[in-house]
Amino acid sequence: MGPSFVALFFDAVASVCLSSCVTGSKQKLRKLGLSFFLFGLINNVLYVIILSAALDLVPPSTPKGIIAFCNIFPALLAKLGWPYILKGRIRYTQRILGCCLLSFIGMLVVALYESLYARLLGISLASFSSGLGELTFLQLSTTYSPPSVGGHSVGYFASGTGAAGLVGAFLWWEVRGLGVRLGVGISSVLPFVLPITYFFLLPRPGAFVDSTSSGSYTPLPVDDPDVPAVEVTEGDTLLGQPPKVPVFLSPQDKWRLVKPMLFKYMLPLFCVYTFEYTINQGVAPTLLYPVPSPERYGLISKIIHSIRDYYPLWQLVYQSTVFISRSSISLGLAPLPAKLLSMPAIVQFVILIVLAFESAVGFFPEDHEGSSIALVFILISIEGICGGLAYVNVFYRINQERPDPSTVVDMERVKQECEFKIGSLGFSDSSGILLASLLAVPTEIQLCRVQLARGKMLCKGL
């Protein structure tokens, strides 16, 4: 009986320890997911606030496209310059603190100065910080192993960026009554959530390393991604060894890494954002219909009270579906197969053509506005779903492309290659948005002219 009791006792202790380990692992994953969700939310929310506040930030005679340009072009420069031009280790702590301060200063400039040029400068600073921040957090996700943990980080980051569209618009709606100075001034404190989350909530990469997964020697887990791990080889001794040569990727190395991604990842992401933002900025403003009457359309008439309500409605539908689709991986849905990554771009192109035809010619008679509204609602919902799926799945897939650890010779080089690959994709979406902003203006003007030519005068009333 004695040995049996001892065996039962140790089995019970082992079960408790195993249960405790599983609970601790789940808790760390929850903290990791929440951290990256906050990174995505706060990093992108200022971009949305600035776009939502565009009418209040510049004089009525100033084209609002200037706001959009200053809100995207500096971010494009950051995404293009940092991965391709700079080399060596990424100092995540310095980057995150820099992004926080840059966003804070940019928003303060917007809040404190009424000059158009000063506000455009502030918007540009916040945009540059947002672009660099998105790049940094996606690269940070590659420092987490195994790949499933890195994919978990990307999924929640994408979900946070999707939520930023809804949260940013809601925040500006709540604070705009306070005026630009106070409303934007209050928003300027939001970037401080980034370093607070990084230092006090985010688990370190070493927290997810399983020391029992391999029988071979691995370096001790590193708690701070900024601190390099020390690799010891047979030829190393404690005395007389010169320091190792710093590792960095040459332009030839970077081009070698980029080439396989051009058509597999970059082109689909570029096309999705080009079509998506051409719809949002060039076609959606012209999707106008008579105000629904309460007698025929009870529910719709409670939402749309004037023709000016259509564009905010389309944007709300778009932002909501983007948030849902960008959250697909964090909700536990399977990622798209790699061979289907181009499908969202194809669907987006079809939707662009169909909505442009609906705006110019129309599928239904003028007195059937309910059918037209339903069609546009469905198509913009699909547009948002495709856009969100393209974003989260492209970055998830590139995060998962990691070499077999047993074949790795230089861990530092592999780390930098993973960081560069996911960082190099960033300019694809930003350049697509920039191209769309150039296409949107003539598209909107031409569609409005076509509507006027067939006697539909609603766009002229705006």
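Residues numbered from 1 in each chain as written. Predicted model: local features only at pLDDT ≥ 70, side-chain atom pairs only at ≥ 80, totals over all residues. Heavy atoms only, no water.

Draft legend 1. Representation of the packing of aromatic side chains in the model. Summed over all chains, the structure comprises 17 aromatic pairs. Both rings, one in F39 and one in F137, keep their centres 4.2 Å apart while their planes meet at 10°; by these two values the pair is stacked. Residue F39 is found in helix α1 (residues 2-52), and its partner F137 is found in helix α5 (residues 116-141); the two are separated by 98 residues along the sequence. Measuring from centroid to centroid gives 5.1 Å for F104 and F192, while their planes differ by 65°, and the two rings are edge-to-face. Remark: F192 occurs in the loop between α7 (180-187) and α8 (193-200) and F104 occurs in helix α4 (residues 92-112); sequence separation between them is 88 residues. A connected cluster of aromatic rings, assembled from ring pairs, spans F36, F39, F137, Y144, F157 and F208. Lying over the aromatic face of Y198, R204 brings its terminal NZ or CZ to 4.6 Å of the ring centre. Between R326 and the ring centre of Y391, over which it is positioned, the NZ or CZ distance is 3.9 Å. (Phe/Tyr/Trp six-rings, centres within 6.5 Å; stacked < 30°, edge-to-face > 60°. Helix = DSSP H or I, 4+ residues; strand = E, 2+ residues; numbered from the N terminus. Lys NZ or Arg CZ within 6 Å of the ring centre and 35° of its normal.)

Draft legend 2. Layout of the nonpolar core. With 98 residues, the main nonpolar core has F39, L57, L140, W314 and L355 as its most contacted residues. With residues up to four places along the chain from it excluded, the contact list for F39 reads F137, L140, F157, L194, T197, Y198 and L202. (Core = buried A, V, L, I, M, F, W, Y, C linked by side-chain atoms within 4.5 Å. Buried < 20%, exposed > 50% of the residue type's maximum accessible area, 1.4 Å probe, protein only. Contact = heavy atoms within 4.5 Å.)

Draft legend 3. Geometry of the pattern of salt bridges. Tallied over the entire structure, the rule returns nine salt bridges. The shortest N-O distance in the salt bridge between K79 and D429 comes to 3.4 Å. Taken together, the residues span a long stretch of sequence, with K79 in helix α3 (residues 65-85) and D429 in helix α16 (residues 426-453) at a distance of 350 residues. What makes K79 buried here is its relative accessible area of 5%. Close ionic contact of K421 with E401 constitutes a salt bridge, the shortest N to O distance being 3.2 Å. Note that K421 is positioned in helix α15 (residues 411-424) and E401 in the loop between α14 (369-400) and α15, a separation of 20 residues in sequence. With a relative accessible area of 26%, E401 lands in the partly exposed category. (Salt bridge = Lys/Arg side-chain N within 4 Å of Asp/Glu carboxyl O.)

Draft legend 4. The arrangement of α15 in detail. Across its 14 residues, α15 extends 20 Å between first and last C-alpha, which sits within 8% of the 20 Å expected from 1.5 Å per residue. Most of α15 sits inside the fold, with eleven of its 14 residues counted as buried. When α15 is considered as a whole, its buried residues turn out to be E412, V414, Q416, E417, C418, E419, F420, K421, I422, G423 and S424. The backbone nitrogen of E412 has a side-chain oxygen 3.2 Å away, supplied by the residue at the start of α15, namely D410. (Expected span 1.5 Å × (residues − 1). Polar contact = N/O pair within 3.5 Å; in protein donor to acceptor, adjacent residues only side chain to side chain.)

Draft legend 5. Spotlight on helix α13 (residues 343-360). The end-to-end C-alpha distance of α13 is 26 Å, a good match for the 26 Å that 18 residues give at a rise of 1.5 Å each. Buried residues of α13: P344, A345, Q348, I351, L352, L355, E358, S359 and A360, and no others. Turning to α13, the residues buried within the fold contact α10 (261-283), α14 and α16. Positive backbone phi, approximately 95°, marks G362, located one or two places after α13.

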